[in-house]
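Here is what each chain is made of, one letter per residue.
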Amino acid sequence: MIKSIEELEKFIELSSGERQWFEAQGEKLPLLVSRYYLALIDPSDPLDPIRRQVIPSIEELTPSPEEGRDPLAEVVHSVLPRLIHRYKNRVALLVSDTCATYCRHCFRRRFTATEDKIISPAEIDGVRVYLKEHPEIKEILLTGGDPLTLSDQRLEQLFKRLYGERNDLTVRLCTRIPVTYPQRITSKLIAMLKKVRRGPIYLMTQFNHPRELTKESIGAINLFVDNGFPALNQAVLLRGVNDSVEVLEELMNSLLFNRIKPYYLFQGDLVEGTGHLRVPLKEGLILEKELRKRLSGLAMPTYAVDLPGGAGKVVLTYNYLTGFNENVAIFEAPQGGQVGYPSG
Ligand SMILES: *Cc1c(COP(=O)(O)O)cnc(C)c1O
Ligand code: SF4
């Protein structure tokens with residue numbers, strides 16, 4: 001793991017903006033990059049899309065006025081210190097504050113790499129009781145940070161307690177580790193998950209660029225999928241990383257071919273210090289429209305924005321329904337021209 005400027009400079013030459021981040025004082029999401037992920041960077045390209053995701057720059061330390069530390073008001077929506085219950089039928093549990101590599105676009109930097117560390121047995125027990133008292137919860141998202149920073153043994157204990165009295169839970173394992181540190185995904189981990197599961201466990205990954213689909217990361221995904229853990233991807237739309245139709249098209253097709261269903265493409269949240277990585281929403285909508293023309297329905301993710309203040313996720317898509325004329329809905333056809341359909 002690379003943590004310091006001295007270690008980093010053995011591999012890449014820093015730009016002045018990157019160097020300034022290291023020199024600046026103040027609260028910062030620390031540098032942490034696995035050797036594996038660092039090796040995906042082309043050191044000769046200062047604009048490398050892998051580099052942009054993990055090497056900090058001074059732009060992070062000049063937040064814009066519309067940004068906040070907790071734009072989705074997750075703290076307010078927390079029913080226990082680590083449990084966010086925003087939607088009636090599903091909860092998100094922040095299992096660990098740590099990741100194998102820190103993303104500069106991290107939307108949960110109020111929590112990531114802080115002092116919250118790993119969920120304690122007492123906290124797990126609180127969640128178990130909450131799940132028992134709330135049978136309307138059907139899905140639990142294990143997230144963080146990254147839940148796969150826990151040892152196999154701790155993960156096993158966590159699963160055992162969470163299933164507790166509940167045999168009807170769908171679990172989502174939300175992790176970027178198959179992308180940033182695929183060596184963590186071992187047959188031992190998979191065997192433990194197979195043994196402990198009492199229902200479906202979905203693997204939710206975050207591939208943002210086609211170059212992240214390497215032999216190693218695909219191998220990690222294969223271990224999951226071959227053993228009955230379906231894989232879905234939640235990409236983040238990022239300036240200078242994947243803000244072109246060509247890159248997104250290649251990413252989604254590669255994901256699909258490798259048995260990872262593209263699920264969401266997220267508009268960047270208004271998190272402090274991520275403005276230089278955010279793509280304007282209007283631009284995102286243009287990309288979505290073009291992408292929908294090029295991709296199959298199966299390869300097409302849902303472009304979505306998580307509204308500020310915790311108001312919820314909203315689907316963003318080009319509006320083909322242009323209006324109504326008497327009892328006829330008028331559509332702009334994707335191939336051009338107008339077409340009516342009886343609206344009832
Ligand atoms: C995004 C999110 C979910 C999951 O939402 P889906 O649209 O079902 O993927 C659940 N809980 C919280 C707090 C979330 O932010
Ligand atoms: S893996 Fe997720 S939680 Fe960790 S730094 Fe990246 S975006 Fe943040």
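Above this text you will find the structure in question.
Below is a summary of the structure that appears in this document. Note that the structure is predicted; figures quoted are calculated from it, not measured.

Conventions we followed
Residues numbered from 1 in each chain as written. Chains lettered and ligands numbered in written order. Predicted model: local features only at pLDDT ≥ 70, side-chain atom pairs only at ≥ 80, totals over all residues. Heavy atoms only, no water. Pairing = 2+ DSSP bridges. Helix = DSSP H or I, 4+ residues; strand = E, 2+ residues; numbered from the N terminus. Axes fitted to C-alpha atoms, helices over the stretch in contact; angles between N-to-C directions. Salt bridge = Lys/Arg side-chain N within 4 Å of Asp/Glu carboxyl O. Buried < 20%, exposed > 50% of the residue type's maximum accessible area, 1.4 Å probe, protein only.

Side note on the sheet that holds strand E12 (residues 328-332)
A sheet is described by the order of its strands in space; here 3 strands give the open sequence E11-E12-E13, paired in antiparallel fashion. Two strands bound the open sheet, and with one partner strand each, they are strand E11 (321-325) and strand E13 (338-342). Within this sheet the neighbouring strands show an average axis-to-axis angle of 30°, counted without direction. Pairing between E11 and E12: 4 bridges, direction antiparallel. Paired with Phe324 across the bridge in E12 is Ala329.

A short note on the pairing of strand E9 (residues 302-307)
Judged from the 3 bridges that link them, strand E8 (residues 260-266) and E9 form a sheet pairing that is parallel. Bridge pairing in E9 links Leu265 to Tyr303. Both E9 and strand E10 (residues 312-315) contribute to a ladder of 4 bridges, which runs antiparallel. In the sheet register, Asp306 faces E10, and the bridge partner there is Lys313. Hairpin connection from E9 to E10: 4 residues lie between these consecutive antiparallel strands, with Gly309 at a positive phi of about 80°.

Some remarks on the pattern of salt bridges
As a working rule, side chains carrying opposite charge can pair if their charged atoms are close by. Under the defined criterion, the tally for this structure stands at 33 salt bridges. Note that Arg278 and Glu67 form a salt bridge whose closest N and O atoms lie 2.7 Å from each other. You can see Arg278 sitting in the loop between E8 and helix H11 (281-294) and its partner Glu67 sitting in the loop between helix H4 (49-54) and strand E1 (78-80), a full 211 residues away along the chain. Exposure class is identical for Arg278 and Glu67. Each is buried. The partner of Arg128 in a salt bridge is Asp125, with the nearest N and O atoms 3.0 Å apart. With Arg128 and Asp125 both in helix H5 (residues 121-133) and 3 residues apart, the pair spans about one turn of that helix. You can call Asp125 partly exposed: its relative accessible area is 33%.

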